[in-house]
Amino acid sequence: MHQAVTGGQDKEYLSFVLGDEHYALDITTVKEIRGYEQVTKIANAPAFIKGVINLRGDIVPIVDLRIKFNVGEATYNDFTIVIMLNIQERIVGIVVDGVSDVIRLSEEQVLPPPEFGVAFDSRYLHGLADVDENMVILVNIESLITSEELGLVAPESVKDDA
């Protein structure tokens, strides 16, 4: 069930960095933010799926968005950040270069996504917003994580909103 954002109601986003670009995702999907830890590799997984970790009994796939979208450098050290997301009752970790802060945006501040010029396929974008003189790309993280392209959520578990 999706709650519609009505006029004047702000939404909160967690902003993060990939390479030189600023992104943000709906904060209601964020479970926690952690440092990167050693993963268990999965045979034949695409390069952007680093592996899985055991998070308090849940087996969590870790996706490196820097590799998936070919932005930034995929280094793993004490400063590497993993955002744990809760999407359709599944926990998924995404590796990013850094987390900035929480931003609050009204619908009027969100511009439609461009058809070109950003690493993300426009299907996975909500839009763009100008925040403190930085263009922030708003990622539709739910559609990305549930996409067949990533293959993290079984197609039969994806609910049809039509």
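Conventions we followed
- Residues numbered from 1 in each chain as written.
- Predicted model: local features only at pLDDT ≥ 70, side-chain atom pairs only at ≥ 80, totals over all residues.
- Heavy atoms only, no water.
- UniProt positions renumbered as here; feature names shortened; annotations may be inferred.
- Pairing = 2+ DSSP bridges.
- Helix = DSSP H or I, 4+ residues; strand = E, 2+ residues; numbered from the N terminus.
- Axes fitted to C-alpha atoms, helices over the stretch in contact; angles between N-to-C directions.
- Core = buried A, V, L, I, M, F, W, Y, C linked by side-chain atoms within 4.5 Å.
- Buried < 20%, exposed > 50% of the residue type's maximum accessible area, 1.4 Å probe, protein only.
- Contact = heavy atoms within 4.5 Å.

The name recorded for the protein in an unreviewed UniProt entry is Chemotaxis protein CheW, from Alteromonas marina. Within the UniProt record for the protein, the comment given under Subcellular location (unreviewed entry) is "Cytoplasm".

1. Re the sheet that holds strand β9 (residues 125-131)
Within a beta sheet, neighbouring strands are joined by backbone hydrogen bonds and run either parallel or antiparallel to one another. Read across the open sheet, the five strands follow the order β8-β1-β2-β10-β9; overall the sheet is mixed. In this open sheet, the two edge strands, each paired with only one partner strand, are β8 (98-105) and β9. Along the sheet, successive strands turn relative to each other by an average axial angle of 30 degrees, direction set aside. Both β9 and strand β10 (residues 134-139) contribute to a ladder of six bridges, which runs antiparallel. For Ala-129, the partnering residue across the bridge sits in β10 and is Val-136.

2. Topic: the nonpolar core
Counting residues in hydrophobic clusters, the biggest one holds 27 residues, and the most contacted among them are Phe-16, Val-63, Leu-65, Leu-85, Ile-94, Ile-141 and Ile-145. Of all the secondary structure elements, the ones that give two or more residues to this core are β1 (11-18), β2 (21-26), β6 (81-87), β7 (90-96), β9, β10 and α2 (141-145). Ignoring any residue separated from it by four or fewer positions in sequence, one finds Ile-141 in contact with Leu-25, Thr-29, Leu-85, Ile-87 and Ile-94.

3. Points about the side chain of Ser-106
Assignment of secondary structure puts Ser-106 in the loop between β8 and β9. The class for Ser-106 is buried, based on a relative accessible area of 11%. Residues within four places of Ser-106 in sequence aside, it is in contact with Gln-9 and Asp-10.

4. Regarding the sheet that holds strand β4 (residues 49-55)
Spatially, β3-β6-β7-β5-β4 is the arrangement adopted by the five strands of the open sheet, whose pairing is mixed. A strand with exactly one partner marks an edge of an open sheet, and here the two such strands are β3 (30-35) and β4. Averaged over all adjacent pairs, the angle separating strand axes in this sheet is 25 degrees, with direction ignored. Where β6 meets β7, seven bridges bridge the pair, whose relative direction is antiparallel. Each bridged residue has a counterpart across the sheet, and for Ile-81 the counterpart in β7 is Val-96.

5. Here we look at the pairing of β7
Burial analysis of β7 places six of its seven residues in the buried class, the great majority of the element. In the sheet, strand β5 (residues 58-64) pairs with β7 via three bridges, with the strands oriented parallel. Looking at the pairing, Asp-64 lines up with Val-95 of β7. Between the antiparallel neighbours β6 and β7 lie two residues, among them Gln-88 with a positive phi of about 50 degrees.

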